[in-house]
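# Observations on chain architecture
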Amino acid sequence: MSDMTQDAADPKGLIRESYRIDGIDVEECRAIFLDWALSVPVDADTTALIGTLLERYGNDDHPMTAVLRDGLTAMNRPTRRGGWKARPRQ
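Notes on the structure follow. (Residues numbered from 1 in each chain as written. Predicted model: local features only at pLDDT ≥ 70, side-chain atom pairs only at ≥ 80, totals over all residues. Heavy atoms only, no water.)

### Some remarks on the overall build of the chain
The test is simple: Strands are runs of DSSP state E lasting at least 2 residues, helices are runs of H or I lasting at least 4, and numbering of each runs from the N terminus. Think of it in three bands: with a 1.4 Å probe and only protein chains considered, a residue is buried below 20% of the maximum accessible area for its type, exposed above 50%, and partly exposed in between. In this description, contact between two residues means that some pair of their heavy atoms is separated by no more than 4.5 Å.
Along its length, the chain carries four helices and zero strands. In the chain, the order of α-helices and β-strands from amino to carboxyl end is α-α-α-α. Counting across all 90 residues of the chain, residues that qualify as buried make up 30%. Across the chain, every contact between residues at least 6 apart in sequence was considered, and the portion connecting residues at least 24 apart equals 61%.

### What about the pattern of salt bridges?
Rules: Salt bridge, as applied in this entry: a Lys or Arg side-chain nitrogen positioned within 4 Å of an Asp or Glu carboxyl oxygen.
Taken as a whole, this structure holds five salt bridges when the rule is applied. In this structure, Glu17 engages Arg16 in a salt bridge whose closest nitrogen and oxygen atoms are separated by 3.4 Å. Here Arg16 falls in the partly exposed class, since its relative accessible area comes to 24%. Arg20 is paired through a salt bridge with Glu17; the nearest N and O atoms lie 3.1 Å apart. Here Arg20 pairs with Glu17, and both are found in helix 1 (residues 14–20), just three residues apart, close to one helical turn. Taking the relative accessible area as the measure of exposure, Arg20 reaches 56% and is therefore exposed.

### Some details on helix 2 (residues 26–39)
Quick note on the threshold: Multiplying 1.5 Å by the residue count of a helix minus one yields the expected span of that helix. In the analysis that follows, any N or O atom pair within 3.5 Å is treated as a polar contact, provided that within protein one partner can donate a hydrogen and the other can accept it, and provided that, for residues neighboring in sequence, both atoms belong to side chains.
The terminal C-alpha atoms of helix 2 lie 20 Å apart, and with 14 residues this matches the ideal 20 Å at 1.5 Å per residue to within 8%. A side-chain oxygen of the first residue of helix 2 lies 3.1 Å from the backbone nitrogen of Glu27; this N-cap is Asp25.

### A short note on the environment of Ala48
Along the chain, Ala48 turns up in helix 3 (residues 46–57). Once the C-alpha coordinates of Ala48 and Leu72 are considered, the two residues, 24 residues apart in sequence, prove to be 8.9 Å apart.

### Let's talk about the nonpolar core
Which entries qualify depends on this criterion: Throughout this description, the term nonpolar core refers to a set of buried Ala, Val, Leu, Ile, Met, Phe, Trp, Tyr and Cys residues connected via side-chain atoms within 4.5 Å.
Formed by 18 residues in total, the largest nonpolar core has its most connected members in Ile15, Trp36, Leu53, Met64 and Leu68. Mapped by element, the contributors of at least two residues to this core are helix 1, helix 2, helix 3 and helix 4 (63–76). Take this core: its biggest share by element is five residues, from helix 3. Excluding its chain neighbours within four sequence positions, the residues that come into contact with Leu53 are Ala9, Asp10, Ile15, Trp36, Gly58 and Leu68.

### Some words on helix 3
Threshold: Here the arc refers to the directions that run from the helix axis out to each C-beta atom.
Here helix 3 is 12 residues long and its end C-alpha atoms lie 16 Å apart, about the 16 Å a rise of 1.5 Å per residue gives. Along helix 3, the residues classified as buried are Thr46, Leu49, Ile50, Leu53, Leu54 and Tyr57. Projected down its long axis, helix 3 carries its buried residues within an arc of 140°, all on one side.

Structure representation (structure tokens):
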């Protein structure tokens, strides 16, 4: 893929570059993942994008692979947003 082509799964090439950094640790990968998550469109299917990235780059020995898998797990976990049931009652 040329640098001029926009990649929907990795718009800034952050994940690709993380796999090229020798000696990168899991904390650095988490920071890169957060930057990646902020760079994808709000309406993007992040679960599908993470799946694409794992298929493309997934290497069991790389810390970014663990971070991506954690991201997939977190995306599939339901979250509690609060609402009227969470408010204190009088």
